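# Survey of secondary and tertiary structure
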Amino acid sequence: MNHLQISTDPTLLGADLPESLTTSPSVSTFLPEEDASTCLLLPGTPSPPLDFTHPLTPLEMANVDNCDNVAGDDPAAETSSSGSSGIGMVGGCTSGAGTLFSDYQHLRKTSDGKLPENGLHMNGTLNIPISKDMPSFVHWNWPLIRKCTFFVFLSGIVAMIGVVVTMIATLPKSCNPAVAWYKGSVFYEVFPASFQDTNDDGLGDIHGLIGRVEYFKSLGIGAVRLNSIFPSQHYPDHFQDVTSLTAVDEVLGKVEDLQKFAAVLHERNISLILDLPIYPFVDHLNPPTMDVDRLPNRTDDVPTSEYLRLARSVLHEQENVITSVIRFWLAKTGVDGFYIKGLEHFHDDPLLLENIKEWKYTLGGDRVLMVSKQFVEKVPDSIASQVLSQVDLIDVLLDVAKGAEVIASTVKDVMSDEKVMKGVEHPWVHWSLGGVSERRLSSGLNPNATLAATLMQLMLPGTVSIFYGDEIALEEASDPNGEHVETKHLHHLAAMAWSGSQFTGRGTLPWLPRSASASFHHLEIVLEMIALRKKSPSIYLNAVVKEGQVLTNTDIKSSQNDIVIIERWYPRRNSFAAISNFGSKNVSLDLTAMFYSGEIVAGTTGKKERVYFERFAANALETIIVRLHK
């Protein structure tokens, strides 16, 4: 056994070994490739002799002294000779090995580490020569370059992360179907003389509207609709008897004031709609000022600029009164649409279709032309489709006082009327519960009736209109002493009530008694429902368009005990149900045939909880909005 624990017994090795293995076996003992493998392939150096020990023979350190110049001063050489495993050189170094290392003595490390005289530069254990032909980048400050490169790379990573975070933060929170600004939004109808007084004359004015612009913004509405701004002989007592359609009554202010009001609304992404009471101010329609037959169809995809270019090219010299009025207000204030009132009186006028076409072309595709449902019902069938193709909104009044069955019947008739409902195309329905010619919802009833009706209205498909004060259940002006009998027809136009401030600083009003009470706590519930409507396609869209078909997304049911149930849905969106009790008694309903469970998201009581429909409780004059679990 040798020091490597390998037996040297010849019988175990299976071969007779010579006593001395100081010389390598004959060449014939090895195969040619094995013989070749024992030679170091070093260019320019003589091949070492085949004087190797047998792989299984212990190493002998006989000639260590001959290696002093190699291993003693060169660690690399020492490592090479001592690190051999299995094959060792006889005597530690042979003459061939000495010749090998002698040829590489210039790689030795000098003791002082200085540049040798032959011009070689130290680089680790090697001396690299530096000549005049060396590239300039060798002398660059590479540590500084590496640091700068690292910081530039790190800055790039940080910048990319910032860009990604910014993109994620600015992504839209929802992916709801887009519609025109007036479709599905909420309008706010205002009687200007009753909204806010700024000069203490007891009458509201346009400056008061400007001062309340932040209130309009807080409502989340899409447009403010002014229903009476034109001069009359006794404004506002007889506001409907207008004397001009191109001026503002001096009680309210000037045209410049209206221009400023439109500007501040537009800054807050709120549009301005004006009512144009053309009857009886106009008793007949004038011929159009343009050749409407040469204009493109309303359904064609023609930009507004092209409309106006074509219109200018076919103008006639004769003036059209209504067209001139529309052009005047567009130029002066930049209003966003008109409600042509009294148009039902011209349903059989032979120039009706041509006038409506001209009005719409004058407005363009981004502004609204609105008419009443009474007008649509009277339009001859021969031109009904052409007339409605020019109309954007149809105003439909819901008479809540007539009960649940009338409400459901009106909605069903409108939704099934092919002349009115055309899915996402024109026209859309504009739902109203009150107005300048209607009594207040709360008159003679509990103020909760106004809130219940408003919440129910906000669940209907189309555009919704809230009459000023209905959001706080404003009651009619109270005149128990009969001091304002002459203006009794205006008591439903009571002055707006404000929390923490007053309509006017004047002690008494010259034309109305003091306003009755209001329920300010209702406002928060209405605001919550408006916000829900704005972000829910199931509610603000009036139909589902699928593969070219227009499918309804509304189901309404009623019962004899004044219960109205409205269900709204849209593909891949939440479904909602509104349960309204317009009766005077609390009821418990079993609605499991329609719904299973849901979560209350809005209601007259303001509570929010999970509900099941086997015993659904609906109090008197209450509307509950439920997000369905299905």
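Residues numbered from 1 in each chain as written. Predicted model: local features only at pLDDT ≥ 70, side-chain atom pairs only at ≥ 80, totals over all residues. Heavy atoms only, no water.

For the chain, the count of helices and strands is 18 helices and 20 strands. The buried share among the 630 residues of the chain stands at 46%. Long-range contacts, defined as pairs at least 24 residues apart, comprise 71% of the intrachain contacts of the chain with a sequence gap of at least 6. Element-wise, carbon and sulfur atoms account for 54% of the exposed surface of the chain, whose accessible area totals about 32,700 Å². (Helix = DSSP H or I, 4+ residues; strand = E, 2+ residues; numbered from the N terminus. Buried < 20%, exposed > 50% of the residue type's maximum accessible area, 1.4 Å probe, protein only. Contact = heavy atoms within 4.5 Å. Areas by Shrake-Rupley, 256 points an atom, 1.4 Å probe, with all protein chains shown as cover.)

On the surface, a cluster of nonpolar side chains totalling about 470 Å² of accessible area is made up of Phe137, Val138, Trp140, Trp142 and Ile145. Tracing the backbone shows valine 138 in the loop between strand E2 (126-129) and helix H6 (142-169). (Patch = residues over 30% accessible without salt bridge, like charges linked within 9 Å, V, L, I, M, F, W, Y side chains within 5 Å. Salt bridge = Lys/Arg side-chain N within 4 Å of Asp/Glu carboxyl O.)

The element strand E6 (residues 337-341) is largely enclosed, with a buried count of four among its five residues. Here strand E5 (residues 271-277) runs beside E6; their pairing, made up of four bridges, is parallel. Across the sheet, residue proline 277 finds its bridge partner in E6, namely lysine 341. Pairing geometry for E6 and strand E7 (residues 368-372), over three bridges, is parallel. Residue tyrosine 339 lies in a different strand from E7, and its bridge partner there is methionine 370. (Pairing = 2+ DSSP bridges.)

In this section: the pattern of salt bridges. Taken as a whole and judged by the stated rule, the model has 13 salt bridges. We note a salt bridge from aspartate 399 to lysine 402, for which the minimum N-O separation is 3.8 Å. Overlapping salt bridges, with partners in common, bring together Glu189, Arg225, Asp275 and Lys341 in one network.

Its location among the elements puts glutamate 471 in the loop between strand E10 (463-467) and helix H17 (522-535). Comment: no salt bridge for buried glutamate 471; closest opposite-charge side chain is arginine 440, at 6.6 Å. Of the polar contacts made by the side chain of glutamate 471, one reaches the side chain of tyrosine 188; its length is 2.6 Å. Of the polar contacts made by the side chain of glutamate 471, one reaches the side chain of tyrosine 215; its length is 2.5 Å. In this view, glutamate 471 contacts Tyr188, Tyr215, Ile466, Met496, His522, Leu523 and Val526; residues no more than four positions away in its chain are not counted. (Lys, Arg positive; Asp, Glu negative; His and termini not counted. Polar contact = N/O pair within 3.5 Å; in protein donor to acceptor, adjacent residues only side chain to side chain.)

Below, the discussion takes up the packing of helix H16 (residues 448-457) against H17. At a closest axis distance of 10 Å, the pairing of H16 and H17 adopts a crossing angle of 5°. Taken as axis vectors, H16 and H17 run roughly parallel relative to one another. Mapping the contact onto sequence places Asn448, Leu451, Thr454, Leu455 and Gln457 in H16 and His522, Ile525, Val526, Met529 and Arg533 in H17. (Axes fitted to C-alpha atoms, helices over the stretch in contact; angles between N-to-C directions. Parallel < 35°, antiparallel > 145°, perpendicular 65-115°, else oblique.)

Relative to the helices and strands, methionine 594 resides in the loop between strand E16 (587-589) and strand E17 (597-603). Sequence-wise, methionine 594 and glutamate 567 are 27 residues apart; in three dimensions their C-alpha atoms are separated by 9.6 Å. Setting aside residues up to four positions removed in sequence, methionine 594 forms contacts with Lys557, Ile565 and Lys630.

The next point concerns the packing of aromatic side chains. Per the stated rule, a full pass over the model turns up 23 aromatic pairs. Between phenylalanine 195 and phenylalanine 216, the aromatic rings sit 5.4 Å apart at their centres with planes inclined by 15°, giving stacked as the arrangement. Of the two residues, phenylalanine 195 sits in the loop between strand E3 (186-190) and helix H7 (206-211) while phenylalanine 216 sits in helix H8 (residues 213-219), which places them 21 residues apart along the sequence. One exposure class covers both phenylalanine 195 and phenylalanine 216, and it is buried. Taken together, a centroid distance of 5.2 Å and an interplanar angle of 55° make the contact between phenylalanine 595 and phenylalanine 613 tilted. Within this pair, whereas phenylalanine 595 is found in the loop between E16 and E17, its partner phenylalanine 613 is found in the loop between strand E18 (610-612) and strand E19 (616-618), the two being separated by 18 residues in sequence. Judged by its relative accessible area of 3%, phenylalanine 595 falls in the buried class. On the basis of relative accessible area, phenylalanine 613 is assigned to the buried category, the value being 0%. Three or more aromatic residues link up through ring pairs in this structure, and these residues are Tyr188, Phe195, Tyr215, Phe216, Phe261, Phe467, Tyr468 and Trp498. (Phe/Tyr/Trp six-rings, centres within 6.5 Å; stacked < 30°, edge-to-face > 60°.)

Strands pair in a sheet through their backbones, by hydrogen bonds, and they do so in one of two ways: parallel or antiparallel. In spatial order, the strands read E13-E14-E15-E20-E17-E18; together these six strands make up an open sheet with antiparallel pairing. Both outer strands of the open sheet, strand E13 (554-558) and E18, are each paired with one neighbouring strand and no more. Strand-to-strand twist across the sheet, computed as the mean angle between neighbouring axes with direction ignored, equals 30°. The sheet contact formed by E13 and strand E14 (residues 563-568) spans five bridges and is antiparallel. Its bridge partner being in E14, lysine 557 is matched across the sheet by isoleucine 565. Seen against the sheet, H16 touches E14, strand E15 (576-581), E17 and strand E20 (622-628) and runs at an angle of roughly 30° to E20. Across the sheet, H17 touches E15, E17 and E20, and the angle it forms with E17 is around 125°.

Turning next to the sheet that holds E3. With parallel pairing, eight strands are arranged side by side around a closed barrel as E3-E4-E5-E6-E7-E8-E9-E10. Between one strand axis and the next, the sheet turns through 25° on average, direction left out of account. Strand direction decides the pairing type here: E3 and strand E4 (residues 223-226), joined by four bridges, are parallel. Each residue of the ladder has a partner; that of phenylalanine 187, found in E4, is alanine 223.

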